[in-house]
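Here is how the chains run, residue by residue.
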Amino acid sequence: MNLTAYGENAQTALGKSAEKIIFLEEILSVTNQNSDIYKLNNSNGNEVKVNEDTANIINTSCQISDMTNGALDITLYPVIKEWGFTTEKYKIPEKTKLDELLLNVNYKNISVNGLSVTIPQKYQLDTGALTKGYTGDKVAEILKNHDIQSALINLGGNIHTVGSKPDGSLWRVGIKNPFDTNEQLCILSIEDKAVITSGNYERYFEGDDGKKYWHIIDPKDGSPADNGLVSVTIIGDSGIMCDALSTALFVMGKEKAIAYHKGSNDFDMILVSDDRKIYITNGIENNFENVSNMEVILLN
Ligand code: ADP
Ligand code: MG
């Protein structure tokens, strides 16, 4: 993580931001035994009182799950563990094992009542698909409350910008080329926006069968989502929405992602398809510079 803020209160604001990040890690971690998520995952179907941040994240994730027909599902954790993505002891699970685990995957069975959360026995949550986006929102909020008008928040590839650069020009954010991660795909010029990418090239392993298996899972079958996309970048005002959508649209695939965007006007996106084409929405056309040799297709 890398936070840069400009202005008189920058030091104080960054200190408060770091405290908030550490707090969020403590309550959302799947391994820390004192975290809300750990308590829920070991609750045996009993109600757990959680922090407001945890309730916010669970509520937003369920909304996006509804909006994307379940492409996002934070109850996938048992499946994600089975593939070894949490421990890096990777393996390709048997289909029967995945089917068995999927019996206990369904965000609709999460119940939130204020700060009381209940999940059924055998259910386990992992909010990793939206945590960084939410964290970026909270850091941006803290910085703005300290009158910071210019800041760059980089949470492991999730970028949030506050205002523009100190000299008033736009921030320039490079997106990696999924086919060659040492190269850039494009450069975006933005201000006051989150830019969040989900790709199949950050966390993956190669199976004995020579195939590549990555960490974004399709809740329909419990296997890595392989629906025509290799990366999805979402640009918008709300980090949590951008993060949730980057994962969900990756799962939905090219056609459904394009259709989803048509029905919504609060974000822009860059899709990279597995046949090496870049699809961009028209809201960012003028702030987008292609630095790859791939063809760009403008969506309207
Ligand atoms: P990253 O964390 O690499 O930036 P994402 O935001 O796309 O990427 O989140 C991926 C993480 O979310 C995975 O590591 C896994 O823990 C979890 N995950 C994978 N597939 C799904 C899904 N369909 N719905 C919800 N969470 C998922
Ligand atoms: Mg995400």
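As shown above, the structure is provided for reference.
Residues numbered from 1 in each chain as written. Chains lettered and ligands numbered in written order. Predicted model: local features only at pLDDT ≥ 70, side-chain atom pairs only at ≥ 80, totals over all residues. Heavy atoms only, no water.

A few words on the overall build of the protein chain. Each helix and strand in the protein chain was counted, giving eight helices and 18 strands. Taken over C-alpha atoms, the radius of gyration comes to 19 Å for the protein chain, in line with the 19 Å a tight globule of 300 residues would show. Within the protein chain, the proportion of its 300 residues that are buried is 53%. Contacts in the protein chain between residues at least 24 apart in sequence constitute 59% of all its contacts with a sequence separation of at least 6. In the form shown here, the protein chain has an accessible surface area of approximately 14,400 Å², with 42% of it arising from carbon and sulfur atoms. Charged side chains of the protein chain number 27 positive and 41 negative; the gap between the two group centres comes to 4 Å. (Helix = DSSP H or I, 4+ residues; strand = E, 2+ residues; numbered from the N terminus. Rg over C-alpha atoms; globule rule 2.2 N^0.38 Å. Buried < 20%, exposed > 50% of the residue type's maximum accessible area, 1.4 Å probe, protein only. Contact = heavy atoms within 4.5 Å. Areas by Shrake-Rupley, 256 points an atom, 1.4 Å probe, with all protein chains shown as cover. Lys, Arg positive; Asp, Glu negative; His and termini not counted. Charge placed at Lys NZ, Arg CZ, Asp CG, Glu CD.)

Turning our attention to the pairing of strand E9 (residues 194-199). Two faces, one strand: in a regular strand the side chains alternate between the faces of the sheet. Taken across its six residues, E9 has five buried, putting it largely inside the fold. In the sheet, strand E6 (residues 158-163) pairs with E9 via two bridges, with the strands oriented antiparallel. Of the residues in E9, the one forming a bridge with histidine 160 is alanine 194. (Pairing = 2+ DSSP bridges.)

It is worth spelling out the environment of tryptophan 214 at this point. Among the secondary structure elements, tryptophan 214 is positioned in strand E11 (residues 212-214). Of the residues examined, tryptophan 214 reaches a relative accessible area of 8% and is grouped as buried. Each C-alpha atom, one on tryptophan 214 and one on glutamate 202, is 8.1 Å from the other, the two residues being 12 residues apart in sequence. Beyond its immediate sequence surroundings of up to four residues, tryptophan 214 is in contact with Phe85, Asn200, Arg203, Tyr204, Pro224, Ala225, Asp226 and Phe250. For tryptophan 214, the side chain forms a polar contact with the main-chain oxygen of alanine 225, separated by 2.9 Å. (Polar contact = N/O pair within 3.5 Å; in protein donor to acceptor, adjacent residues only side chain to side chain.)

Bringing unusual backbone geometry into the picture now. Glycine aside, a negative phi is what most residues show, and trans is what most peptide bonds show. Positive phi values are uncommon outside glycine, yet asparagine 44 reaches one of about 55°. Looking at where asparagine 44 falls in the secondary structure, it is placed in the loop between helix H2 (36-41) and strand E2 (48-49). Taking the relative accessible area as the measure of exposure, asparagine 44 reaches 57% and is therefore exposed. Even without being glycine, lysine 122 reaches a positive phi, approximately 75°. Relative to the helices and strands, lysine 122 resides in the loop between strand E4 (116-118) and helix H6 (128-145).

Here we come to the state of the cysteines. In a disulfide, the sulfur atoms of two cysteines are held together by a covalent bond. Evaluated as defined, the whole model comprises zero disulfides. We note that cysteine 186 lacks a disulfide partner, and the nearest cysteine sulfur, in cysteine 242, lies 15 Å from it. Judged by relative accessible area, which is 0%, cysteine 186 ranks as buried. Look at cysteine 242 and you get buried, because its relative accessible area is 2%. (Disulfide = S-S within 2.5 Å.)

As enumerated under the stated definition, the model contains eight aromatic pairs in all. With centroids separated by 6.4 Å and ring planes inclined at 50°, the aromatic side chains of tryptophan 83 and phenylalanine 205 adopt a geometry described as tilted. With tryptophan 83 in the loop between helix H4 (77-82) and helix H5 (95-102) and phenylalanine 205 in strand E10 (residues 204-206), this residue pair connects regions lying 122 residues apart in the sequence. Residue tryptophan 83 is classed as buried on the basis of its relative accessible area of 2%. Overall, phenylalanine 205 belongs to the buried group, its relative accessible area being 8%. Positioned over the ring face of tyrosine 204 is lysine 212, at 4.4 Å from the centre of the ring. (Phe/Tyr/Trp six-rings, centres within 6.5 Å; stacked < 30°, edge-to-face > 60°. Lys NZ or Arg CZ within 6 Å of the ring centre and 35° of its normal.)

So, on to the sheet that holds strand E8 (residues 180-190). Ordered by their spatial adjacency, three strands build an open sheet running E7-E8-E17, and the pairing between neighbours is antiparallel. Each end of this open sheet is capped by a strand with a single partner; those strands are strand E7 (171-177) and strand E17 (288-290). On average, each strand axis in the sheet is inclined to that of its neighbour by 30°, with strand direction left out of account. Two elements, E8 and E17, share three bridges in a ladder whose sense is antiparallel. In the strand pairing of E17, cysteine 186 is matched with asparagine 290. (Axes fitted to C-alpha atoms, helices over the stretch in contact; angles between N-to-C directions.)

It is at 7 Å that the axes of H6 and helix H7 (residues 239-252) come closest, and there the two elements cross at 160°. Between H6 and H7, the crossing angle belongs to the class labelled roughly antiparallel. As for how H6 packs across H7, the hand of that crossing is right-handed. Residues Ala129, Leu130, Thr131, Lys132, Gly133, Tyr134 and Asp137 of H6 form the contact with H7, whose participating residues are Gly239, Ile240, Asp243, Ala244 and Thr247. Considered class by class, the residues forming the contact of H6 with H7 number five nonpolar, four polar and three charged. (Parallel < 35°, antiparallel > 145°, perpendicular 65-115°, else oblique. Left-handed = near helix turned anticlockwise from the far one by under 90°. Nonpolar A, V, L, I, M, F, W, Y, C, P; charged D, E, K, R; others polar.)

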